[in-house]
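So the chains spell out like this:
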Amino acid sequence: MFSKNTYISRREQLRKLVGEGIIILFGNNEAPANYPANSYAPMRQDSSFLYYFGQHRDGLVGVIDVDNNEEILFGDDIDVEDIVWMGYTPSVADLAAEVGVAKTAPMAKLSQVCCDCVATKRTIHFLPPYRHDTKIQIMDLLGIHPSQQKEKASLNLIKAVVKMRATKEPQEIEAIDRACDVGYAMHTTAQLLIRPGVTERFVGGQVDGIARSLSQGVSFATIFTQHGEIMHGCPSDALLEDGRLALCDSGCELNDYCSDNTRTMPVNGKFNQRQLEIYSIVEACHDHVLEVAKPGVKYADVHFSVCRLMTDRLKELGLMKGDTEEAVRAGAHAMFLPHGLGHMMGMDVHDMEGLGQIYVGFDEETRPNLEQFGTNCLRMGRRLEEGFVVTDEPGIYFIPALIDDWKASGHCKEFLNFDKLETYKDFGGIRIEDDLLITKDGCRFMGSKRIPYHPDELEEFMASNKE
């Protein structure tokens, strides 16, 4: 939690941006795993509630009455039976005082507040819900069916929250830097453990253990797999095999802020020539972003600059052909890079994605292209601003089903060498990902330590635990 004044100032700015009506920010409740008393732990509070009200306890709702300049924290104090099992928890009034909210009320009173607002036709602002219990709560309070809540959510509030959360405060930047330092420990642990005969599950479990030991836990389910061509490949019981590549995409959450990195390593500690050829292209694309990302530049332009560089290099290997500009315009590069270059990051690993990616990664000037394969997965396209934190994560993947599909249909055949692609079906995939802070004049890596990724340093680091 930050200082009391941080939350007071944030709520004041939110009031000014929204302008009128009443703002309701729902905190999260405990989520049962398989029966009510067996909850997923620890509880994860809603990020926007945390941003403005700072408290992690379940069963809270924050209300900001813009017209009357009043704030209320709704929630019920826990009883002695809960204290027996869970220990002492501060009262709702104490929690409110910690973040500068003067007024509290039991949850049952929220219904009357909402009824009064509906009766007087005041504007009620709420964010798109993503949990089913919150959807039911909104239906009970406002009479809006869950199927209509996304479209009924306040666009004014969404844009205000995105505007505020997108630009990170100095204390938020420090928090992300610290989370990235834990990310360093997670990834270097994986790099030192990888060797033939170890299971994917063992390495993935050790990575998760570092996150749980040094932070609140993982910021998303750890990806660790020899099938790097599968974007979200979870660890299996498969043994790591000599001659293959292992991809680790993982991050932690520390003090409510996230890290997110990816490294791809040779299982035996040494890249073979074919692996090194592809890896060096991804490395060059990753480092190219460091040179061109800065305030005022559209991240969509950075993405397509990377796509052109990738296409040029793949043409040198004979995997692509034809005019580079035409190939990228046709989306031929998406055979190898079917996702966007990166996304916003902060309190959520895909920061604010639940508010609607069109409002987070795009704006009135920069609109998404939802029609073209690959480009439709671009999460971040808008102009960069100082204080943004974005991921830089180019990759090259050889997906057998996609190769077969495009070959059968002849899609982009003038730009792709399908005969050569056939010989790469057993390759897997490579991704290199880091978190970048957009600075006044350019960008910088987040965190105080760099996870090894240049081939020589990576091989040397992996060998350091085997001598």
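In this report, the structure presented in the accompanying data block is examined. (Residues numbered from 1 in each chain as written. Predicted model: local features only at pLDDT ≥ 70, side-chain atom pairs only at ≥ 80, totals over all residues. Heavy atoms only, no water.)

**A look at the environment of Pro 368**
Working step 1: With respect to the helices and strands, Pro 368 occurs in the loop between helix H14 (357–360) and strand S14 (389–392).
Working step 2: With 43 residues separating them in the primary sequence, Pro 368 and Glu 325 have C-alpha atoms 19 Å apart.
Working step 3: With residues up to four places along the chain from it excluded, the contact list for Pro 368 reads Ile 358 and Phe 362. (Helix = DSSP H or I, 4+ residues; strand = E, 2+ residues; numbered from the N terminus. Contact = heavy atoms within 4.5 Å.)

**Quick look at helix H15 (residues 400–409)**
Working step 1: Within H15, the full set of buried residues consists of Leu 402, Ile 403 and Trp 406. Along the axis of H15, the buried positions cluster into a sector of 100 degrees, meaning they face one direction only. Across H15 from its buried face, at more than 90 degrees, point the exposed residues Ala 401 and Ala 408.
Working step 2: Where the residues of H15 are buried, they touch helix H16 (418–422).
Working step 3: Note on H15: the residue one or two positions beyond its end, Gly 410, has a positive phi of about 75 degrees. (Buried < 20%, exposed > 50% of the residue type's maximum accessible area, 1.4 Å probe, protein only. Arc of directions from axis to C-beta.)

**Comments concerning the side chain of Asp 434**
Working step 1: Take Asp 434: it is sitting in strand S17 (residues 434–438).
Working step 2: At 3.0 Å, the side chain of Asp 434 forms a polar contact with the side chain of Arg 263.
Working step 3: Of the polar contacts made by the side chain of Asp 434, one reaches the side chain of His 286; its length is 2.8 Å.
Working step 4: Setting aside its immediate chain neighbours within four residues, Asp 434 contacts Asp 260, Asn 261, Arg 263, His 286, Val 390, Thr 391, Asp 392, Phe 445 and Arg 450. (Polar contact = N/O pair within 3.5 Å; in protein donor to acceptor, adjacent residues only side chain to side chain.)

**Some points on empty space enclosed by the protein**
Empty pockets left among the atoms are what a rolling probe the size of a water molecule brings to light.
Working step 1: All told, the structure shown has one cavity of 30 Å³ or more when counted by the stated rule.
Working step 2: The calculated volume of the largest cavity comes to roughly 50 Å³.
Working step 3: Along the walls of the largest cavity sit Cys 180, Tyr 184, Asn 261, Asp 434, Asp 435, Met 446, Lys 449, Arg 450 and Ile 451, which together make up its complete lining.
Working step 4: Partitioning the lining of the largest cavity into residue classes produces four nonpolar, one polar and four charged. (1 Å grid on protein atoms, 1.4 Å probe; cavity = no way out; pocket = protein on both sides within 12 Å on 5 of 7 lines; lining within 4 Å. Points joined across faces, edges and corners; volume = space filled by probe spheres on them. Nonpolar A, V, L, I, M, F, W, Y, C, P; charged D, E, K, R; others polar.)

**Details of unusual backbone geometry**
Residues other than glycine predominantly adopt negative phi, and peptide bonds predominantly adopt the trans conformation.
Working step 1: Although it is not a glycine, Asn 255 sits at a positive phi angle of roughly 50 degrees.
Working step 2: Counting through the fold element by element, Asn 255 comes out in the loop between strand S11 (252–254) and strand S12 (257–258).
Working step 3: Under the relative-accessibility criterion, Asn 255 is labelled partly exposed at 42%.
Working step 4: The phi dihedral of Asp 256 is positive, around 75 degrees, even though this residue is not glycine.
Working step 5: Within the fold, Asp 256 resides in the loop between S11 and S12.

**Here we look at the pattern of salt bridges**
Working step 1: Summed over the entire model, instances satisfying the criterion amount to 32 salt bridges.
Working step 2: Residues Arg 431 and Asp 249 are paired through a salt bridge, measuring 2.9 Å at the closest nitrogen-oxygen approach. Within this pair, whereas Arg 431 is found in strand S16 (residues 429–431), its partner Asp 249 is found in strand S10 (residues 245–250), the two being separated by 182 residues in sequence.
Working step 3: Under the relative-accessibility criterion, Arg 431 is labelled buried at 3%.
Working step 4: When its relative accessible area of 6% is taken as the criterion, Asp 249 is described as buried.
Working step 5: Beyond isolated ion pairs, a larger network of salt bridges with shared partners links Arg 44, Arg 165, Lys 168, Glu 253, Asp 348 and Asp 351. (Salt bridge = Lys/Arg side-chain N within 4 Å of Asp/Glu carboxyl O.)

**Topic: the layout of surface pockets**
Working step 1: As a volume, the largest pocket reaches approximately 1,000 Å³.
Working step 2: If you trace the largest pocket, you find 41 residues lining it, with Asn 28, Arg 44, Gln 45, Tyr 130 and Arg 131 closest to the centre.
Working step 3: Counting residues per element, the ones that place at least two in the lining of the largest pocket are strand S1 (22–26), helix H2 (47–53), helix H6 (132–142) and strand S8 (217–218).
Working step 4: Its residues assigned to classes, the lining of the largest pocket shows 21 nonpolar, twelve polar and eight charged.

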